[in-house]
Amino acid sequence: MYGDFAFIYDSLMTDVDYENWYSYIKLILDKYNKNPKSILEMACGTGNISYYFAKDGYDLTCFDLSSDMLSIAYNKLNQFKNVTLLNQNMIDFKINKEFDLIICLCDSINYIIEKEHLLKTFRNVREHLSQNGIFVFDINSYYKLEEIIGNNTFIEDREDIFYIWQNYFDCKDNISHFYLTFFVKEQNGLFRRFHEDHLEKAYKLEEVIELLDMAGFSQIYSYDGFSFKAPNKRSERIHFVCLP
Ligand SMILES: C[S@@+](CC[C@H](N)C(=O)[O-])C[C@H]1O[C@@H](n2cnc3c(N)ncnc32)[C@H](O)[C@@H]1O
C-alpha cells in the first residue's frame, strides 16, 4: 500500500512521459473510432495521466485505494470542475454510472495479486462500461517482473532522495516482492528513513486474455509497449484494449 512513498512518487517518476502516454491513449481511441465523453480512471495514483484528461475537459472520475496518493492527486486536480476523486478498490468498486472509457495505467493491474480478484475487477469494469465503451489498461509483463526486475537491487542516489529497491521474484506464486527503503531529506537538512513493501503479480498474456474473456469482453487486443505491434517474448509493458 502506498503510504509515505506517495509524497515522493512524482519526483521519482520523472522518467515516465505521461503526456506521451496520454497521446498513446488518444491514438488508441482514434484507432477504435471512440469519442468518449465520460471517463473512469482506476488506480489514478497521484493523477499524472488524469491531469491531461481533465485539462482537455472530459467528464472524469478517478479513484485509488491509497488516500495518500489521492491527496497528491487532489492538489493537482482540484482546479478542474470536471473531475471527481474517490477512494475505492478496483476489486469491488461501485459507482452509480456508466463510462465510455475506463483506463488503468502504469502496471496498477499487477497490484491485484489473486487471480479471482482480477476476474472480479474485469467483471466490475464490464458492468461500468457503456454499450459502446472501451477499456484500456497495461501490465508489467511476466518477462519484465521475472527477468528485468527479477531478484535485482536498484539504487538511486539523488541530492534529496536516496533509495534502495530490493526485489525478490517468487516463481512459485509468480509474485514480485519489492522492498523499498527511502532516505528523504527534510527541511531541517536531516534524512528521514522509511520503508515500504509492494507486491506485483506476474500474469502471462494468455491468462489475462482468458480472464477478460470470462468477464464478458468480446474483443480483446494486446500491444507491445506504446506501439500497435503484437507483444513478443521481450515485451516489458503490454497494453490491452477491450471492447464489450
Ligand atoms: C504504480 S502506481 C500507478 C499510479 C498511476 N496510475 C500512474 O500512472 O502513475 C499503482 C497505483 O495502484 C493503486 N492501487 C493498487 N491496488 C489498488 C486497488 N486494489 N484499487 C485501487 N487502486 C489500487 C496504488 O495505490 C497506486 O496508486
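Refer to the structure presented above.
Conventions used here
- Residues numbered from 1 in each chain as written.
- Predicted model: local features only at pLDDT ≥ 70, side-chain atom pairs only at ≥ 80, totals over all residues.
- Heavy atoms only, no water.
- Helix = DSSP H or I, 4+ residues; strand = E, 2+ residues; numbered from the N terminus.
- Buried < 20%, exposed > 50% of the residue type's maximum accessible area, 1.4 Å probe, protein only.
- Contact = heavy atoms within 4.5 Å.
- Areas by Shrake-Rupley, 256 points an atom, 1.4 Å probe, with all protein chains shown as cover.
- Lys, Arg positive; Asp, Glu negative; His and termini not counted.
- Charge placed at Lys NZ, Arg CZ, Asp CG, Glu CD.
- Pairing = 2+ DSSP bridges.
- Axes fitted to C-alpha atoms, helices over the stretch in contact; angles between N-to-C directions.
- Core = buried A, V, L, I, M, F, W, Y, C linked by side-chain atoms within 4.5 Å.
- Domains from an automatic or database assignment.
- Arc of directions from axis to C-beta.
- Polar contact = N/O pair within 3.5 Å; in protein donor to acceptor, adjacent residues only side chain to side chain.
- Near = heavy atom within 4 Å.
- Nonpolar A, V, L, I, M, F, W, Y, C, P; charged D, E, K, R; others polar.

(A) Seen up close, the overall build of the protein chain. Check the secondary structure of the protein chain and you find seven helices and 11 strands. Counting only C-alpha atoms and orienting by the principal axes, one finds that the protein chain spans roughly 55 × 45 × 30 Å. Counting the 244 residues in the protein chain, one finds 54% classified as buried. Expressed as a percentage of contacts within the protein chain between residues at least 6 apart in sequence, the contacts between residues at least 24 apart total 64%. Accessible surface, the protein chain: about 12,000 Å² in total, of which carbon and sulfur atoms supply 47%. For the protein chain, the distance from the average site of its 25 positive side-chain charges to the average site of its 37 negative ones is 4 Å.

(B) Geometry of the environment of Leu-70. Counting through the fold element by element, Leu-70 comes out in helix α4 (residues 67-77). The class for Leu-70 is buried, based on a relative accessible area of 10%. Through-space distance from the C-alpha of Leu-70 to that of Asp-138 is 20 Å; in sequence the pair is 68 residues apart. If we skip the residues at most four places from it in the chain, Leu-70 touches Cys-44, Gly-45, Phe-63, Asp-64, Leu-85, Leu-86 and Asn-87.

(C) Representation of the sheet that holds strand β11 (residues 237-243). Ordered by their spatial adjacency, seven strands build an open sheet running β3-β2-β1-β4-β5-β11-β10, and the pairing between neighbours is mixed. Of all strands in the sheet, those with a lone pairing partner are β3 (83-87) and β10 (219-224), marking the two edges. Across the sheet, the mean angle separating the axes of adjacent strands is 15 degrees when strand polarity is ignored. Sheet analysis places strand β1 (residues 38-42) next to strand β2 (residues 59-64), joined by five bridges and oriented parallel. For Ile-39, the partnering residue across the bridge sits in β2 and is Leu-60. Sitting on the sheet, α4 is in contact with β2 and β3, with an inclination near 170 degrees to β3.

(D) The nonpolar core, seen in detail. Membership of the largest hydrophobic core comes to 52 residues, with the highest contact counts inside it found for Phe-53, Leu-101, Ile-134 and Phe-182. Top element by residues in this core is helix α2 (residues 18-31). It accounts for seven residues. Residues lining this core come from more than one domain, with at least three contributed by each of domain 1 (6-142 + 203-243) and domain 2 (148-201). Excluding residues that lie within four positions of it along the chain, Ile-134 makes contacts with Ile-28, Leu-29, Tyr-32, Lys-34, Asp-100, Leu-101, Ile-102, Leu-129, Val-241, Cys-242 and Leu-243.

(E) Structural detail: α4. By the burial criterion, the buried members of α4 are Met-69, Leu-70, Ile-72, Ala-73, Lys-76 and Leu-77. Summarising the axial view, the buried residues of α4 lie within an arc of 160 degrees, below the 170-degree limit, and thus occupy one face. Taking the backbone nitrogen of Asp-68 as reference, a side-chain oxygen 3.3 Å away marks Ser-66 as the first, capping residue of α4.

(F) Fine view of the site of the ligand. Close contacts around the ligand come from 17 residues, with Tyr-9, Tyr-18, Ala-43, Asp-64 and Asn-89 the closest. At 2.8 Å, a side-chain N or O of Tyr-9 approaches an oxygen atom of the ligand. Here a nitrogen atom of the ligand sits 3.1 Å away from a polar atom, N or O, in the main chain of Leu-105. Here the ligand, which alone exposes 590 Å², has 96% of that area covered by the protein. Class assignment of the residues belonging to the shell around the ligand gives a composition of 11 nonpolar, five polar and one charged.

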